[in-house]
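Architecture and fold: a report
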Amino acid sequence: KKPLEKRKLPQVEFDLMNHRYHLAEFYLLKVQQFDSAAYHYRKFLNTYEDSILTPKALYSLAYIYKSPEYSDSLKVDSLEQLLLTRYPDSPFSIEIRKSRGEIVEKVEEKSAEQEAYQKFLKAESLYSAGEFDRALPVYLEVAGMDSSWDLSAKAQFAVAWLYEHNLNQPEAALQAYQRLTEHYPRAYAYVAAAKRKTTPVNYEAEQKTADSLAALVETPVDTTIAQVEQTEEIEEDFELQLEDILE
C-alpha cells in the first residue's frame, strides 16, 4: 500500500478556500440558484478578506445583485466601490470602469492599404461569382487610391482585363491599359504587360521578314559541275598556300 500523502497546513487551508469558492460558483453557474450562491459568496468574503479570489467573488456577488430577481443597486454600488478601491488594477475593476465609460477602448484603425486590400478581395469575390458589373466599380475604387501601390496597379490591370475579356469593350480596355502605363510607374510587371497590349504591331516589318525568309527558301542551290569545279580550284589554291607556309 502506498503511504497516504500528508499535506501541510498551508496547502490544506488553500484547498479549503478553493472548495468554498467553487461551491458558490457552482450555485451561480451550474444550477443558477442565486440566493444560495450569494450566501456562499458572502461567507467566502467574510472568511477570506483578502485572497487571490476575493476580487472575483466581489464581482460575482455584484453580478447577482444586478439580476432582475435580486436587484439591489445600493449593494451593487458598494461592492463595485470596494472592488475599485482595494483592487484597482484587477480585470474586474477595469470592466467596471469600462461599463461606466471611464475607460474608452481604442479601436485599431485600419491603414489605408489594409482597407484597399479588403476592397480588392471583395472585387475578386464578385468577379469569381461572375458579377462583372458589380466588380468593376470596386476595382476602379482601389485603382484610384494610390498610384504608388502595387495593389492599385493590380486593380487597374484587372479593370482593363475585365473590359477586354468579360465586357467586350476593346476601346475601354485599351484606355485602361494606357492609363496603367502612364500613371503607375513603380508597377513594372503590370506596366510591361500593359505595354504589350497597347503597342501597335508593325505589320510592314513583319511582312518584310517573312518575304526574306521565303526568298531564301525558294532560291535553288547551285549544284552544277562548273560550280563544283570552281570550289575544288579554290580548295587546291588554299592547300598550295598552306604547303608554302609550312616549308
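Heads up: the structure comes first, above all this text.
This text gives an overview of the structure that appears in the document. (Residues numbered from 1 in each chain as written. Predicted model: local features only at pLDDT ≥ 70, side-chain atom pairs only at ≥ 80, totals over all residues. Heavy atoms only, no water.)

1. Things to note about a nonpolar patch on the surface
Residues Leu23, Phe26 and Val31 make up a contiguous nonpolar surface patch of about 220 Å² in total accessible area. Counting through the fold element by element, valine 31 comes out in the loop between helix H1 (9-30) and helix H2 (34-47). A relative accessible area of 36% means that valine 31 is categorised as partly exposed. (Patch = residues over 30% accessible without salt bridge, like charges linked within 9 Å, V, L, I, M, F, W, Y side chains within 5 Å. Areas by Shrake-Rupley, 256 points an atom, 1.4 Å probe, with all protein chains shown as cover. Salt bridge = Lys/Arg side-chain N within 4 Å of Asp/Glu carboxyl O. Helix = DSSP H or I, 4+ residues; strand = E, 2+ residues; numbered from the N terminus. Buried < 20%, exposed > 50% of the residue type's maximum accessible area, 1.4 Å probe, protein only.)

2. Looking at helix H7 (residues 132-143)
Spanning twelve residues, H7 covers 16 Å between terminal C-alpha atoms, matching the ideal 16 Å at 1.5 Å per step. Within the span of H7, buried status applies to Ala135, Leu136, Val138, Tyr139, Val142 and Ala143. Buried residues belonging to H7 abut helix H6 (112-128) and helix H8 (150-166). (Expected span 1.5 Å × (residues − 1). Contact = heavy atoms within 4.5 Å.)

3. Quick look at the pattern of salt bridges
Scanning the model with the defined rule gives eight salt bridges in all. In this structure, lysine 56 and glutamate 25 form a salt bridge, with 3.2 Å as the shortest nitrogen-oxygen distance. Of the two residues, lysine 56 sits in helix H3 (residues 54-66) while glutamate 25 sits in helix H1, which places them 31 residues apart along the sequence. Overall, the relative accessible area of 16% leaves glutamate 25 in the buried class. Across the pair arginine 134 and glutamate 131 runs a salt bridge whose closest N-O atoms are separated by 2.5 Å. Relative accessible area serves as the criterion here: at 30%, glutamate 131 is assigned to the partly exposed category. Bridged by salt links that share partners, the residues Lys66, Glu80 and Arg100 form one connected network.

4. What about the nonpolar core?
Core analysis: the biggest nonpolar cluster contains 30 residues, and Tyr139, Tyr163 and Leu180 have the highest contact counts within it. Contributions of two or more residues to this core are made by H6, H7, H8, helix H9 (170-183) and helix H10 (188-198). It is H8 that contributes the most residues to this core, nine residues altogether. Tyrosine 163 has contacts with Leu136, Asn168, Gln169, Ala172, Ala173 and Ala176, leaving out every residue within four places of it along the chain. With 24 residues, the next largest nonpolar core counts Tyr21, Leu28, Tyr41 and Leu83 among its residues. (Core = buried A, V, L, I, M, F, W, Y, C linked by side-chain atoms within 4.5 Å.)

Remember, this is a structural readout, not a statement about activity or role.
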